Amino acid sequence: FRTAGARRPVDRAAQPTETRIKALSEAGSLATFQGDYVAASRSYEEGLAASRQSGNKLHEMYLLINLGSVATERGAYSVARAYLEESLASQRDMNNLGGMAAALLYLGELARCEEDFAAAEKAYLESLALYRQQEDISAVAWTLHNLACVCRQREDSEQAADLFRQSLGLFRPLGYLRGLTAC
């Protein structure tokens, strides 16, 4: 029996709030770091659906990048490309420089995994220019690192060493041990 004015229980899962979308994104990130790509995909896909339902384009674009990254890790390259290209197109439509740089960075990673080093370098260089424009030092350092990896894979050890040195020079003042170790 209900009294007048009593409220019905709210199904929080059915409401795509920003907090819920962020929580799903963080759950996906945690699963990714743990190497559980199935759980990561599930969280990111649920977050993407909630973002689309709520009309939150910014979260949608970043969740597409996350899904593309996980698909790359799983070797599902055509799926990864579809997610990343959709994100990049949306980021460009909104002139979101940070998002464009991130989508390009992950498109570079995808191309590197596919051993398409020319496409990887092209994507990384475009990403690098955008990160430099925004003065995102950490992202610049990682992108230089990734470019160095492409050079190493192409057996251009001199260029790879130069790019690794540049990356190290940016990571050192940040005290970013993970980046230093990667270089």
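Residues numbered from 1 in each chain as written. Predicted model: local features only at pLDDT ≥ 70, side-chain atom pairs only at ≥ 80, totals over all residues. Heavy atoms only, no water.

This next bit is on the overall build of the protein chain. Check the secondary structure of the protein chain and you find 9 helices and 0 strands. Put simply, the protein chain runs from its N terminus to its C terminus through helices and strands in the order α-α-α-α-α-α-α-α-α. For the C-alpha atoms alone, the extent of the protein chain along its principal axes is close to 80 × 35 × 35 Å. For the protein chain, long-range pairs separated by at least 24 residues make up 49% of all intrachain contacts whose partners lie at least 6 apart in sequence. Summing over all exposed atoms, the protein chain offers an accessible surface of approximately 10300 Å²; the carbon and sulfur share of this is 50%. Each charge sign in the protein chain was given a centre, from 20 positive and 23 negative side chains, and these centres are 8 Å apart. (Helix = DSSP H or I, 4+ residues; strand = E, 2+ residues; numbered from the N terminus. Contact = heavy atoms within 4.5 Å. Areas by Shrake-Rupley, 256 points an atom, 1.4 Å probe, with all protein chains shown as cover. Lys, Arg positive; Asp, Glu negative; His and termini not counted. Charge placed at Lys NZ, Arg CZ, Asp CG, Glu CD.)

This model, assessed by the stated rule, comprises 9 salt bridges. One salt bridge connects Arg20 with Glu46, and the closest N-O pair in it is separated by 2.3 Å. With a gap of 26 residues between them, Arg20 in helix α1 (residues 18–33) and Glu46 in helix α2 (residues 37–54) connect regions that are remote in the sequence. Look at Glu46 and you get partly exposed, because its relative accessible area is 37%. For Arg52, the salt bridge is made with Glu60, and the minimal N-O distance between the two is 3.2 Å. When salt bridges that share partners are traced, they join Arg52, Lys57, Glu60 and Glu86 into one network. (Salt bridge = Lys/Arg side-chain N within 4 Å of Asp/Glu carboxyl O. Buried < 20%, exposed > 50% of the residue type's maximum accessible area, 1.4 Å probe, protein only.)

With respect to the secondary-structure elements, Thr143 resides in helix α7 (residues 137–153). With relative accessibility at 0%, the residue Thr143 sits in the buried group. Side-chain polar atoms of Thr143 contact the backbone oxygen of Ala139, separated by 2.7 Å. When sequence neighbours within four positions are dropped, the list of residues in contact with Thr143 reads Leu105, Tyr124, Ser127, Leu128 and Tyr131. (Polar contact = N/O pair within 3.5 Å; in protein donor to acceptor, adjacent residues only side chain to side chain.)

A few words now on helix α6 (residues 117–134). Over its 18 residues, α6 runs 25 Å from end to end, which matches the ideal 26 Å to within 8%, given 1.5 Å per residue. If you check which residues of α6 are buried, you get Phe117, Ala120, Ala123, Tyr124, Ser127, Leu128, Leu130 and Tyr131. Looking at the buried residues of α6, the elements they touch are α5 (97–113) and α7. Positive backbone phi, approximately 60°, marks Glu135, located one or two places after α6. (Expected span 1.5 Å × (residues − 1).)

Viewed as axis vectors pointing N to C, helix α3 (residues 57–73) and α5 meet at an angle of 10°, and their least axial separation amounts to 10 Å. Looking at the two axes, α3 sits roughly parallel to α5. Counting all contacts with α3, which are made through Tyr62, Ile65, Ser69 and Thr72, the residues of α5 involved are Gly98, Gly99, Ala102, Ala103, Tyr106, Leu110 and Cys113. Looking at the contact of α3 with α5 residue by residue, the class counts come to 7 nonpolar, 4 polar and no charged. (Axes fitted to C-alpha atoms, helices over the stretch in contact; angles between N-to-C directions. Parallel < 35°, antiparallel > 145°, perpendicular 65-115°, else oblique. Nonpolar A, V, L, I, M, F, W, Y, C, P; charged D, E, K, R; others polar.)

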